[in-house]
Amino acid sequence: MLKVYCYSRCTTCKKALKWLDDHGIAYTAADIKSEHPDEETLRRYYAVSGLPLKRFFNTSGIPYRELELSKKLPSMSEDEQLALLATDGMLVKRPLLVGNQFVLTGFREEEWAARLL
């Protein structure tokens, strides 16, 4: 079963969930603000994804800007970045789609279709 971390007020998340529904794809939704992944889970997702760690950050979010992470992340270790991500679900790029053997950050329809259809 797929798990989708999303935020109810995010239009991209709404679009992604609608896309899944329209294609009859079963999933479990988790509120990224209240049910965000812990550090161990994020480590696992990062390892499976094959993506750069920066792709896990919601770079357009308010917490990212308030913490001035664009300046701080380059000097932080991966361990520090993962620990930081685990502190606030709003720092995590959404939607975060987790399957058995893959993890995708954000909603890019072509990427999702290639994995799910």
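As shown above, the structure is provided for reference.
Residues numbered from 1 in each chain as written. Predicted model: local features only at pLDDT ≥ 70, side-chain atom pairs only at ≥ 80, totals over all residues. Heavy atoms only, no water.

Engineer: Can you help me understand the pattern of salt bridges in this one?
Structural biologist: Pairing between side chains of opposite charge can happen when their charged atoms approach one another. Applying the stated criterion across every chain yields a total of six salt bridges. Put simply, arginine 43 and glutamate 39 hold a salt bridge, and the shortest N to O gap is 2.8 Å. With arginine 43 and glutamate 39 both in helix α2 (residues 39-49) and four residues apart, this pair spans about one turn of that helix. If you follow the salt bridges from partner to partner, you end up with Glu39, Arg43 and Asp79 in one network. (Salt bridge = Lys/Arg side-chain N within 4 Å of Asp/Glu carboxyl O. Helix = DSSP H or I, 4+ residues; strand = E, 2+ residues; numbered from the N terminus.)

Engineer: Mind showing me how you'd approach the packing of α2 against helix α5 (residues 78-85) here?
Structural biologist: In a packed pair of helices, the relevant descriptors are the angle between the two axes and the axis-to-axis distance. Where α2 contacts α5, the axes come no closer than 8 Å and their chain directions differ by 120°. The pairing of α2 with α5 is recorded here as oblique in orientation. At the point where α2 passes α5, the crossing takes the right-handed sense. In contact with Glu39, Leu42, Arg43 and Tyr46 of α2, α5 contributes Glu78, Asp79, Leu82, Ala83 and Leu85. For the contact of α2 with α5, a count of residues per class yields five nonpolar, no polar and four charged. (Axes fitted to C-alpha atoms, helices over the stretch in contact; angles between N-to-C directions. Parallel < 35°, antiparallel > 145°, perpendicular 65-115°, else oblique. Left-handed = near helix turned anticlockwise from the far one by under 90°. Contact = heavy atoms within 4.5 Å. Nonpolar A, V, L, I, M, F, W, Y, C, P; charged D, E, K, R; others polar.)

Engineer: I'm lost on the nonpolar core in this one. Help?
Structural biologist: Within soluble globular proteins, side chains that are nonpolar generally end up buried alongside one another. Counting 41 residues, the largest nonpolar core has Leu20, Phe56, Leu85, Leu96, Leu97, Trp112 and Leu116 as its most contacted members. Within the residue set of this core, elements represented by two or more residues are β1 (2-6), α1 (11-22), α2, α5, β3 (96-98), β4 (103-105) and α6 (109-116). Sequence-distant contacts of leucine 116, defined by excluding residues within four places in its chain, comprise Leu2, Trp19, Leu20, Ile25, Leu97 and Phe102. (Core = buried A, V, L, I, M, F, W, Y, C linked by side-chain atoms within 4.5 Å. Buried < 20%, exposed > 50% of the residue type's maximum accessible area, 1.4 Å probe, protein only.)

Engineer: Can you walk me through the pairing of strand β2 (residues 27-31) in this structure?
Structural biologist: Within a regular strand, side chains alternate between the sheet's two faces. Relative to β2, β1 runs parallel, the two sharing five bridges. If you follow valine 4 over to β2, its bridge partner there is alanine 29. With α1 bridging β1 and the parallel β2, this β-α-β connection has right-handed handedness. (Pairing = 2+ DSSP bridges. Right-handed = clockwise from strand over helix to strand, strands pointing away.)

Engineer: I tried to follow α5 on my own but got confused; where do I start?
Structural biologist: Each α-helix winds once per 3.6 residues, and so residues spaced three or four apart point in a common direction. Regarding α5, the residues found buried are Gln81, Leu82, Leu84 and Leu85. Down the axis of α5, the buried side of the element spans an arc of 160°, and every buried residue falls inside it. (Arc of directions from axis to C-beta.)

Engineer: Any chance you could explain the packing of aromatic side chains here in plain terms?
Structural biologist: What describes a pair of aromatic rings is the distance from one ring centre to the other and the angle between the planes of the rings. Under the counting rule described, the total for this entry stands at six aromatic pairs. Arranged with centres 4.8 Å apart and planes meeting at 90°, the rings of phenylalanine 107 and tryptophan 112 form a pair that is edge-to-face. By relative accessible area, which is 13% here, phenylalanine 107 ends up buried. (Phe/Tyr/Trp six-rings, centres within 6.5 Å; stacked < 30°, edge-to-face > 60°.)

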